[in-house]
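One-letter residues, chain by chain:
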Amino acid sequence: MGQVEVHALRGVSFQVQRGEMLAIMGPSGSGKSTLMNIIGCLDRPTSGSYRLEGMEISALNDNRLAEIRSRKIGFVFQIFNLLSRTSAVANVELPLLYSGAPHRRKRALEMLERVGLSARAHHHPSELSGGEQQRVAIARALANNPSIILADEPTGNLDSRAGQEVMALFDQLNRDEGITLVIVTHERDIARHCQRSVQLRDGRIVGDESSPQGGTASGPQGMPE
Amino acid sequence: MRYVEIFRVALRALITHRLRSALTMLGIIIGLAAVICLVSLGRGVQASIQGEIESMGANVLAVQPGDPMMAFFGPSDTTISTGFLTLEDTQAIADKVSAVDLVCPAVTTFNRINFGSESSASFVVGTTPEYVELRNLSLADGVFITRQDLDGRRDVIVLGSRIAESLFDETDPVGEFVKIGRYKFKVVGVLGSVGARGMLNEDDMALAPITTVQSRLSMRRTTGGERVVDEVWLRVVDESRMDEAREEITDILRQRHRIADGEDNDFVIMSMEQITETVAQVTGMLTLFLGSIAAISLLVGGIGIMNIMLVSVRERTREIGIRRAVGAKRRDILMQFLTEAALLSLSGGAIGLLAGWGLSMGLSRVLSSQAMLVQAVVGLDIVLLALSVSIGIGLFFGIYPAARAARLDPIEALRYE
């Protein structure tokens, strides 16, 4: 196998404001995943710069990236990615375990309450519906009070009703608690929920439009290019 | 991440796969059980020999026929080919060697002693009245074998304290008759308990006149048809005259056995130290042999752990990805899998320790019932050594799988189906 250099992203440059709810859209192969991995500090750009809350991320080593993920990023995945052998509350505790936060059980229960799942705290993922599992995942993402919640096709594995519930929860977290949300999606409906949507194609930004609602901008947050 | 948490995660992972964990531990269990058994029994034997020597004194010599190794393990009950000792040899030594003040021949047989419905399997030693003094024995009841018993080849027997207890519950043994094979022996005395001393413990022995044992119980004869003596114990007057005694005995026996100049002796004279050395050599060889089996078992066990950990890492690739995404560092993942491997191996080690302990206790009980007093000794040092060895194996064989887990790229791990 020869080494072929693939430019998943090139010349992508944009900023996300604190408290914004942003959709990243694009067909498969457009570089969405790569962009998401960079924003989520799972990957570093080969060149260029990514600043999160003013901190340059692209030069950090693996350990520092893990710390940033632990403190500043909350992930929500399409297939939930909960640990199947542990209860909902233990799943929510997981990020707290790695950040070394105190009172983990109490905080995890609070997070579950925030997503309306207190009653299901001790159920295992297999005993929960898709929508419930995704809410547990959101509670997990919230646990360390992150700067950004990064959701990758969060409704992709849900029926439309559960999908609406999840989006309503996102809306509420964004509107009432000012949480910054970046949602990667290919669904127009979801994108319309957001104040702003960035269109990607072949690794480039081909559109950046704001919807009428507008956001509560308060300073720069991210800028991969 | 705190260590308690890592430990809990590891424990949960092992409990989830109970059967797999148990099977993986098996190699370690067997290996450690073998090591424990070996070491504790080895120590027991050591202590026994020590006791043997202390009960005899350093100025005692043993003359045995043939080759020292063969003499140690005891000849079979057929004709001895490499040499022999007889009562006449014994008498000659007693008469001519001035440095020796006590000469005591012995023939040892293993028999079942019956009294009524009770029976006890034990060593029946044919010897002379000097035995009591040589071995510092006391009598709890009755008398010891006398010169007249010896000369008259009388069917009399003196029982060790434990045999007497097991055969005669309430009754006074002295004056009763016990049966060995088709012969009846009159019990004339019971020995006082000597406690734990020596491999051959008189509490589990019966003593009879050597002439009687030679004609009734031991079928061994020399090529010339003479009755043989298994060994002759000699007490030298003073430790400083040991060499002198040795030389004189050698001369007498060479002459009596008509050994030409330049030919090897057909007997051995051993001091207690030499006996100890011989035994130490034999046990050392056994220890080496069994020890290498144990080491192989531990090695195989360790490889088993490595194998299962590699499988586990692969199975849990996505879990690793999730943990990394929510903030686990490479080090956290490494520690988690390493702890799991160490815990697996340590649990195996602990089980092996208990199994080995039980086994060595069982074996020492069996040996003791065969009149060989070996008390296995499991010391704290062995326990600590066993546990640290098992942790060490877990860490050694766990490091590679754990490092592989830690090296996984979180993005690829999350994508893993």
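Note that the coordinates shown come from a computational prediction; the quantities given were computed from them, not determined experimentally.

The number of helices and strands found in chain B is 14 helices and ten strands. A compact globule built from 417 residues would reach a C-alpha radius of gyration of about 22 Å, whereas chain B, at 30 Å, exceeds it by more than 25%. Seen along its three principal axes, the alpha-carbon backbone of chain B occupies a region of about 95 × 60 × 35 Å. Taken across its 417 residues, chain B has 51% of its residues classed as buried. Put simply, of all contacts in chain B between residues at least 6 apart along the chain, 78% involve residues at least 24 apart. Roughly 19500 Å² of accessible area belongs to chain B as shown, and the carbon and sulfur atoms make up 58% of that amount. Measuring between centres, the 40 positive side-chain charges of chain B sit 15 Å from its 48 negative side-chain charges.

Residue and element names in this part refer to chain A. Strand order in the open sheet formed by six strands is β5-β6-β7-β2-β8-β9, and the pairing between neighbours is mixed. A single partner strand is all that each edge strand has here, and the edge strands are β5 (73–76) and β9 (204–210). Across the sheet, the mean angle from the axis of one strand to that of its neighbour is 20°, orientation sign disregarded. When β5 meets strand β6 (residues 148–152), the two strands line up parallel, connected through four bridges. Within β6, the residue paired with Gly-74 across the bridge is Ile-149. Strands β5 and β6 of the sheet are contacted by helix α5 (residues 130–142), whose axis makes an angle of about 170° with β5.

So, about the interface of chain A and chain B. Contact residues are listed per partner, giving 23 residues for chain A and 22 residues for chain B. The interface formed by chain A and chain B includes four salt bridges. Among the ionic pairs, Glu-67 of chain A bridges to Lys-329 of chain B, the shortest N-O distance being 2.9 Å. Of all the secondary structure elements, the ones that give two or more residues to the side of chain A that touches chain B are α2 (62–72) and α3 (88–99) of chain A.

A separate point is the confidence of the model for chain B. Residue and element names in this part refer to chain B. Within chain B, residue pLDDT values average 85, and 92% of them lie at 70 or more. Contacts of residues 74–81 to residues separated by more than four positions or lying in other chains number eleven contacts, the stretch itself having pLDDT below 50. What the predictor reports for the complex is a pTM of 0.72 with an ipTM of 0.90.

This part takes up the environment of Ser-360 of chain B. Residues and elements named next belong to chain B. Its location among the elements puts Ser-360 in helix α12 (residues 330–369). For the pair Ser-360 and Gly-42, spaced 318 residues apart in the sequence, the C-alpha separation amounts to 10.0 Å. Contacts of Ser-360, omitting those with residues within four sequence positions, involve Cys-37, Ser-40, Leu-41, Ala-376 and Val-378.

All right, on to the side chain of Thr-109 of chain B then. Residues and elements named next belong to chain B. With respect to the secondary-structure elements, Thr-109 resides in strand β2 (residues 100–115). Since its relative accessible area comes to 8%, Thr-109 is described here as buried. Of the polar contacts made by the side chain of Thr-109, one reaches the side chain of Asn-111; its length is 2.7 Å. Setting aside residues up to four positions removed in sequence, Thr-109 forms contacts with Ser-122, Phe-123, Val-124, Val-213, Leu-217 and Ser-218.

A few words on helix α4 (residues 87–96) of chain B. All names here are of chain B. Buried within α4 we find Asp-89, Thr-90, Ala-92 and Ile-93. One side of α4 carries all its buried residues, which in axial view fall inside an arc of 160°. In this structure, the buried side of α4 is in contact with β2, β9 (231–236) and α9 (242–256).

Together, Asp-238, Glu-239, Glu-273 and Glu-277 of chain B make up a region of like negative charge exposed at the surface. When you line up the elements, Asp-238 of chain B lands in the loop between β9 and α9.

The rules we used
- Residues numbered from 1 in each chain as written.
- Chains lettered and ligands numbered in written order.
- Predicted model: local features only at pLDDT ≥ 70, side-chain atom pairs only at ≥ 80, totals over all residues.
- Heavy atoms only, no water.
- Helix = DSSP H or I, 4+ residues; strand = E, 2+ residues; numbered from the N terminus.
- Rg over C-alpha atoms; globule rule 2.2 N^0.38 Å.
- Buried < 20%, exposed > 50% of the residue type's maximum accessible area, 1.4 Å probe, protein only.
- Contact = heavy atoms within 4.5 Å.
- Areas by Shrake-Rupley, 256 points an atom, 1.4 Å probe, with all protein chains shown as cover.
- Lys, Arg positive; Asp, Glu negative; His and termini not counted.
- Charge placed at Lys NZ, Arg CZ, Asp CG, Glu CD.
- Pairing = 2+ DSSP bridges.
- Axes fitted to C-alpha atoms, helices over the stretch in contact; angles between N-to-C directions.
- Salt bridge = Lys/Arg side-chain N within 4 Å of Asp/Glu carboxyl O.
- pLDDT = per-residue confidence, 0-100.
- Polar contact = N/O pair within 3.5 Å; in protein donor to acceptor, adjacent residues only side chain to side chain.
- Arc of directions from axis to C-beta.
- Patch = residues over 30% accessible without salt bridge, like charges linked within 9 Å, V, L, I, M, F, W, Y side chains within 5 Å.

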